[in-house]
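Coordinate analysis (summary)
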Amino acid sequence: MAVKKIQTTCPYCGVGCGVVANKESIVGDKQHPANLGALCVKGSALKESLAMPSRLLYPKMQGKEISWDQATDEIAQRIHQAIQMHGPDSVAMYVSGQILTEDYYVANKLMKGYVGSANIDTNSRLCMSSAVAAHVRAFGEDVVPVNYEDIAHADLLVLIGANTAWTHPVLFRQIQQARENNPDLKLVVIDPRNTVTAEQADLHLAIENDGDVSLYNGLLRFLIDQNALDEGFIDASTEGFSEQVEEVKSEQYRLENVARALNLTLNEVTTFYRWFSHKAKVLTLFCQGINQSESGVDKGNAIINAHLASGKIGKQGCGPFSLTGQPNAMGGREVGGLANQLAVHRGFDTESVRLVKEYWQSPSIAAKPGLKAVDLFEAVEAGKIKVLWIMATNPVVSLPNSDQVRRALKGCDFVVVSDITEQSDVAEYADLVLPAAGWGEKQGMVTNSERRMSRQRAFLPAPGEAKPDWWAVTQVGKKLCSKLNCESGFEFDSEAAVFREFAGLSAINTNSNHLFDLSKFASISDEEYANWQPTQWPLDSEAPYRDGVFSTPSGKAQFVAVTAPSTVMNGWWLNTGRLRDQWHTMTRTGHIAKLAAGEVEPTIYVNKLSAETIGLQEGYCAAIRGISDESDSCIFAKVKFDDGLSGKQLFMSMHWAGRYGGQSQVNRTVSSVVDPISGQPAFKSSNVHIAAVQMQSYGIYVGQERDLPSCDYSSYQLDDNAAVTRFANLTKLDKSMFSVGQGEKLFRWDLPQGWMMVIGRQTGNQQQMTVTGVLLISPQPLEQDYTAITALIGKPLSLSSIISIAGEKAQSQLVCSCFRVTDKQIQTAIEEDGCVSLNQLQSKLKCGSNCGSCLPEVNKILKSYQTIAVSKA
Ligand SMILES: Nc1nc2c(c(=O)[nH]1)N[C@H]1C(S)=C(S)[C@@H](COP(=O)(O)OP(=O)(O)OC[C@H]3O[C@@H](n4cnc5c(=O)[nH]c(N)nc54)[C@H](O)[C@@H]3O)O[C@H]1N2
Ligand SMILES: Nc1nc2c(c(=O)[nH]1)N[C@H]1C(S)=C(S)[C@@H](COP(=O)(O)OP(=O)(O)OC[C@H]3O[C@@H](n4cnc5c(=O)[nH]c(N)nc54)[C@H](O)[C@@H]3O)O[C@H]1N2
Ligand code: SF4
Ligand SMILES: [Mo]
């Protein structure tokens with residue numbers, strides 16, 4: 001009998017694609033409005049993601065298994081004790097945009113209503129908090145006023161601070177589709193880096209770091225000068241315009257001055273401004289290049305100001321569109337998961353505090369905002385936080401100045417970590433670890449970028465004693481209530497019960513201008529909840545603000561006067577972000593061979609010319625050290641040239657963590673400078689030192705697990721057939737440092753550039769050896785093709801194949817992860833097999849014919865040949 005398929009959603013990015021899944025297959029859900037069946041490369045690899053190398057199965061206290069009852073007793077006891085001895089603010093939670101709405105709701109309720117402190121913050125602080133603050137300042141509520149459907153109706157799409165082709169690939173496919181359907185639709189990309197997204201644009205503005213406020217203030221001035229304002233809309237629906245007009249009168253926003261300051265040509269800036277002003281329907285989509293900045297909130301408001309002034313908001317095909325990072329960052333914002341929100345889009349004004357307490361009937365209520373993530377971990381280090389519960393986030397990797405986070409956790413009295421694996425970097429610092437049920441094993445609600453709430457549903461049993469996060473919180477909640485001698489606020493028997501209570505709380509918004517109101521669902525039945533279909537809020541209108549009435553008490557949107565910061569970065573500066581094929585700190589994607597093949601080791605990208613000025617060579621290690629504050633730790637990474645980076649801009653991914661490349665995690669060098677309003681870290685612009693390092697030995701080991709000497713630099717990659725460890729050391733590695741196990745035999749070769757050791761184990765036949773490992777060491781970086789070496793593992797040892805790999809060089813770069821197609825193969829297909837179109841390439845190599853995430857790269861290679869052909873003609 002066929003196993004029933006369950007409708008659920010992808011657990012990665014905020015596009016919120018629907019998937020249909022059972023234990024045999026996971027595919028896109030054609031009925032889900034977010035993706036209509038499409039999935040990107042990460043979504044297509046969900047099935048492989050489930051085979052995690054290690055799952056946390058039981059609660060453990062100081063490494064010893066204990067029962068859930070003991071674990072939750074201990075947590076409740078510790079929290080109670082801390083409240084009594086040090087006050088409610090000595091307890092904190094640090095949660096995540098990857099937990100479900102029900103998990104989030106009970107965690108927020110526990111902290112704000114029962115512990116009585118707002119010291120609950122979330123990794124959304126690192127992700128969306130600048131956009132949240134900009135929305136609240138402009139609209140009076142954290143509302144994204146755009147739907148995905150608007151993309152199809154726009155005349156101009158501006159992607160600013162977003163590498164959408166890699167980070168929201170299914171949405172990017174919708175953008176590409178809209179361009180195919182409407183050749184007049186223009187795409188502008190604004191990013192200091194020439195990304196794969198930027199390569200697709202009609203116009204790429206490679207602005208200086210943090211030049212965004214300047215650019216959008218200049219745009220506002222241009223709109224004023226060109227009489228391109230929507231005065232009717234400004235009068236009827238906004239306030240504060242004149243203050244912003246005063247600001248943009250300043251000389252620095254004159255077109256020529258903006259162009260000069262941002263290192264753009266006059267023509268580039270004028271083209272963008274003209275398009276924005278002439279095109280009727282404009283969407284500005286923004287993400288971390290906007291949010292993760294010292295001026296992140298102001299950037300958001302500068303964008304919103306331009307849309308308000310031109311009336312390009314609240315209409316189909318128009319508006320500022322903050323792209324959500326994590327699958328349920330939006331749901332977290334709805335429940336009030338940030339330390340400066342109370343609940344259901346309410347803040348800490350007296351009225352909201354009273355209404356929430358009344359609804360919860362709780363013994364206490366937090367009456368003021370709590371500590372934001374960076375401040376929270378500073379308070380932990382200062383000994384002010386005695387109990388800290390971390391859930392579904394890996395802050396020792398993802399927070400800036402991460403060595404400080406490690407120090408803080410080491411010194412904290414009691415740290416609880418809820419995770420799906422004990423191999424997450426943060427678990428090492430826990431006194432108590434709680435096994436969480438993961439994606440596919442737990443259920444609840446998530447809200448995507450366009451405010452659409454979908455159900456995640458379980459289709460697998462949770463392993464061992466793993467339990468959903470909401471359940472763990474309610475167990476602690478019940479026990480804490482009995483210690484506090486109050487009525488339990490945590491008697492939920494299901495996710496549906498939690499959701500009903502949450503929906504009921506939002507009734508406090510019913511008679512206000514706030515749009516977030518799910519009170520209609522306050523008595524939804526278990527069955528209706530189980531059968532829930534994707535639903536957008538506000539429930540009673542097509543999209544927010546179509547009536548020109550905003551969420552502020554006056555109903556008017558607010559212009560916020562914002563001033564451009566200085567954009568100059570002196571010296572080398574480090575920009576960080578994402579790769580197409582990895583998810584955050586790699587716990588869910590690091591083990592998937594086809595995803596790991598994209599960037600195989602920690603890599604620092606730099607412009608070739610700039611690199612040469614300081615003697616950096618491709619393939620060699622560089623040392624990167626932070627200089628902005630105490631985040632002066634040094635990491636090593638392999639140098640790769642990227643001419644999409646200009647001047648002294650460096651780029652490194654945020655992903656390297658754990659055993660995959662934890663020594664090289666970039667946040668050890670990233671300073672903890674934050675936006676003064678949102679508290680969001682400026683991850684995209686750290687001042688750093690970079691220099692070439694003289695490694696004495698470079699090495700690769702492929703094969704069965706064995707002890708290797710600990711090295712100054714190392715990384716670990718799982719390939720289909722074997723694991724690959726790459727390393728480099730400041731001192732020379734000697735042959736004697738490598739030993740073999742019992743029953744194994746060693747064969748050594750001296751190579752022109754170093755030496756090679758092949759390890760074999762005797763099998764049945766006395767003559768026959770099976771290869772169990774291959775080790776290569778050289779004073780220079782090794783260029784051998786690792787896939788040729790992994791192919792030897794487990795095979796009979798033959799001299800000819802071994803010798804051939806010694807000379808086999810890797811010269812290609814993976815383009816299509818789904819079908820493992822490299823740039824070399826694509827080039828050969830074009831040069832030698834005469835492929836001239838995408839169709840021909842796909843019928844030959846299949847590249848890009850599954851998820852399509854690599855299509856921008858495939859098209860880029862095709863286009864480069866077309867350009868050559870044109871210039872020859
Ligand atoms: N593959 C993959 N996809 C993901 C994720 C993942 O881990 N992997 N994570 C998800 C999450 S949580 C998030 S938040 C999103 C993030 O999605 P994005 O924001 O699209 O991704 P990032 O790579 O962080 O950064 C975006 C771009 O900002 C640019 N930038 C840097 N400084 C500036 C500046 O001053 N101005 C402008 N205009 N641009 C600048 C960078 O060069 C970079 O290309 O991705 C989501 N999707
Ligand atoms: N330098 C730099 N740093 C950055 C960024 C950047 O651009 N540059 N981006 C920032 C942004 S936008 C973000 S969103 C953060 C992301 O950073 P993190 O949130 O720290 O990254 P993840 O790897 O997603 O961590 C999720 C953790 O939860 C665990 N987990 C998975 N599912 C569950 C579950 O159901 N329950 C529980 N309890 N645990 C689970 C995973 O194993 C993992 O350990 O990084 C931020 N850090
Ligand atoms: S775009 Fe990719 S990662 Fe994002 S939700 Fe869709 S399938 Fe998942
Ligand atoms: Mo994020």
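Residues numbered from 1 in each chain as written. Chains lettered and ligands numbered in written order. Predicted model: local features only at pLDDT ≥ 70, side-chain atom pairs only at ≥ 80, totals over all residues. Heavy atoms only, no water.

- As named in an unreviewed UniProt entry, the chain is Nitrate reductase, taken from Vibrio plantisponsor.

Some remarks on the state of the cysteines
- Applying the stated rule across the entire model yields zero disulfides.
- Counting only cysteine sulfurs, Cys 816 is the nearest neighbor of Cys 854, a cysteine outside any disulfide, at a range of 4.1 Å.
- Taking relative accessible area as the criterion, Cys 854 reaches 3% and is therefore assigned buried. (Disulfide = S-S within 2.5 Å. Buried < 20%, exposed > 50% of the residue type's maximum accessible area, 1.4 Å probe, protein only.)

Section: the site of ligand 3
- Around ligand 3 sit Cys 10, Tyr 12, Cys 13, Val 15, Gly 16, Cys 17, Leu 39, Cys 40, Lys 42, Gly 43, Pro 169 and Val 170, and those are all the residues in its vicinity.
- Within the residue set of the shell around ligand 3, elements represented by two or more residues are α1 (41-44) and α8 (169-181). (Near = heavy atom within 4 Å. Helix = DSSP H or I, 4+ residues; strand = E, 2+ residues; numbered from the N terminus.)

Side note on the sheet that holds strand β32 (residues 769-778)
- Strand order in the open sheet formed by six strands is β28-β29-β27-β32-β31-β30, with antiparallel pairing between adjacent strands. Strand pairing shows two members of the sheet lacking a second neighbour, β28 (713-718) and β30 (744-751), which therefore form its edges. Each adjacent strand pair in this sheet contributes to an overall mean axis angle of 15°, direction not counted. (Pairing = 2+ DSSP bridges. Axes fitted to C-alpha atoms, helices over the stretch in contact; angles between N-to-C directions.)

Observations concerning the site of ligand 1
- Lining the immediate surroundings of ligand 1 are 35 residues, of which Thr 167, Asp 191, Asp 212, Arg 578 and Gln 582 lie closest.
- In this structure, His 584 approaches ligand 1 through a main-chain N or O atom, which is 3.1 Å from an oxygen atom.
- Contact between ligand 1 and Lys 684: an oxygen atom at 2.9 Å from a side-chain N or O atom of the residue.
- Contact with the protein chains removes 100% of the 910 Å² of surface that ligand 1 exposes when unbound.
- Among the elements of the structure, α7 (164-167), α15 (288-291) and β21 (573-577) are those that each provide at least two residues to the shell around ligand 1.
- Looking at the shell around ligand 1, its residues break down into eleven nonpolar, 15 polar and nine charged. (Polar contact = N/O pair within 3.5 Å; in protein donor to acceptor, adjacent residues only side chain to side chain. Areas by Shrake-Rupley, 256 points an atom, 1.4 Å probe, with all protein chains shown as cover. Nonpolar A, V, L, I, M, F, W, Y, C, P; charged D, E, K, R; others polar.)

Details of the UniProt feature "domain: 4Fe-4S Mo/W bis-MGD-type" (unreviewed entry) in the chain
- According to UniProt, the feature "domain: 4Fe-4S Mo/W bis-MGD-type" (unreviewed entry) maps to residues 3-51 in the numbering used here.
- Within residues 3-51, the helical portion is 16% and the strand portion 22%, while the C-alpha atoms at the span's ends are 19 Å from each other. (UniProt positions renumbered as here; feature names shortened; annotations may be inferred.)

Concerning the environment of Ala 302
- Topologically, Ala 302 is positioned in helix α16 (residues 296-309).
- Considering only alpha carbons, one finds Ala 302 and Pro 53, 249 residues apart in sequence, at a separation of 46 Å.
- The residues contacting Ala 302, other than those within four sequence positions of it, are Val 213, Tyr 216, Asn 217 and Val 562. (Contact = heavy atoms within 4.5 Å.)

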